[in-house]
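The chain contents come next:
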Amino acid sequence: QVQLVESGGGLVQAGGSLRLSCAASGRTFSSYAMGWFRQAPGKERESVAAISWSGGSTYYADSVKGRFTISRDNAKNTVYLQMNSLKPEDMAVYYCAATRKVAVVAGTLEGKRWEYWGQGTQVTVSS
């Protein structure tokens, strides 16, 4: 079992930055691929970014490439999402997820089964 707790959401003006954190429980964090997802009101949940267990491979949705950066610190059992140049369309509840069923390879995601989810953190971007 892996428990995930997100933090760092809040209100920011368009063009601003936020850094989300996701703290994971358990001693096997380093064996999990980690991902960030978001869901805006009335929209389906979408993938934003993901990182392989080693941190050596990442994936980004086209809508956030060049603005968001995912990273992880396996010693701290934490994954981060640095969000820069935020836009109103980035406003959503952001969720952290963990899995051993998805591979992050060469900028793509192989598999769709994310096993564990956090409770989400709200990101609000004012225009």
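Residues numbered from 1 in each chain as written. Predicted model: local features only at pLDDT ≥ 70, side-chain atom pairs only at ≥ 80, totals over all residues. Heavy atoms only, no water.

J.: Now, about the nonpolar core: what can you tell me, with residues and values included?
T.: Counting residues in each nonpolar core, the largest one holds 39 residues, and the members touching the most others are Leu4, Met34, Trp36, Val79, Leu81, Met83 and Tyr94. Residue assignment for this core shows that the elements contributing at least two residues are β3 (18–24), β4 (33–39), β5 (46–51), β6 (58–60), β7 (68–73), β8 (78–83), β9 (92–99) and β13 (121–126). If one sorts the elements of this core by residue count, β9 sits on top with five residues. Beyond its immediate sequence surroundings of up to four residues, Met83 is in contact with Gly16, Ser17, Leu18, Leu20, Arg67, Phe68, Tyr94 and Val123. (Core = buried A, V, L, I, M, F, W, Y, C linked by side-chain atoms within 4.5 Å. Buried < 20%, exposed > 50% of the residue type's maximum accessible area, 1.4 Å probe, protein only. Helix = DSSP H or I, 4+ residues; strand = E, 2+ residues; numbered from the N terminus. Contact = heavy atoms within 4.5 Å.)

J.: Just give me the short version of the packing of aromatic side chains, but keep the residues and values in it.
T.: Taken as a whole and judged by the stated rule, the model has three aromatic pairs. Ring geometry for Tyr32 against Tyr116: centres 6.0 Å apart, planes inclined by 70°, an arrangement best described as edge-to-face. A residue pair is termed long-range when its members are at least 10 positions apart, and Tyr32 in the loop between β3 and β4 and Tyr116 in strand β12 (residues 116–117) qualify at 84 residues. Residue Tyr32 shares its accessibility class with Tyr116, and that shared class is buried. An angle of 80° between the planes, with centres 5.2 Å apart, marks the rings of Phe37 and Trp114 as edge-to-face. Pair noted here: Phe37 is in strand β4 and Trp114 is in the loop between β11 (108–110) and β12, with a separation of 77 residues, a long-range link. (Phe/Tyr/Trp six-rings, centres within 6.5 Å; stacked < 30°, edge-to-face > 60°.)

J.: Now, about the pattern of salt bridges: what can you tell me, with residues and values included?
T.: When charged atoms on two side chains of opposite charge get close, those side chains can pair. Here the structure, examined in full by the defined rule, presents four salt bridges. For the salt bridge of Arg67 with Asp90, the shortest nitrogen-to-oxygen distance reads 2.7 Å. On the criterion of sequence distance, the pair formed by Arg67 in the loop between β6 and β7 and Asp90 in the loop between β8 and β9 is long-range, its members being 23 residues apart. Residue Asp90 is classed as buried on the basis of its relative accessible area, which comes to 0%. Here the residues in one salt-bridge network are Arg38, Glu46, Arg67 and Asp90, joined through shared partners. (Salt bridge = Lys/Arg side-chain N within 4 Å of Asp/Glu carboxyl O.)

J.: Describe in detail the state of the cysteines, supporting the description with residues and values.
T.: Here a disulfide denotes a covalent bond joining the sulfur atom of one cysteine to the sulfur atom of another. Tallied over the full model, the rule gives one disulfide. The partner cysteine of Cys22 in its disulfide is Cys96, sulfur to sulfur 2.1 Å. Residues Cys22 and Cys96 are joined through a disulfide that is left-handed, its torsion about the S-S bond being -80°. Of this pair, Cys22 sits in strand β3 while Cys96 sits in strand β9, placing them 74 residues apart in sequence. Exposure remark for Cys22: the relative accessible area of 0% places this residue in the buried category. (Disulfide = S-S within 2.5 Å.)

J.: Requested: an account of unusual backbone geometry, with residues and values cited.
T.: The phi torsion at Asn77 lies on the positive side, around 55°, for a residue other than glycine. Turning to its location among the elements, Asn77 is positioned in the loop between β7 and β8. If you check the backbone angles, Ser85 has positive phi at about 50° while not being a glycine. Within the secondary structure, Ser85 is located in the loop between β8 and β9.

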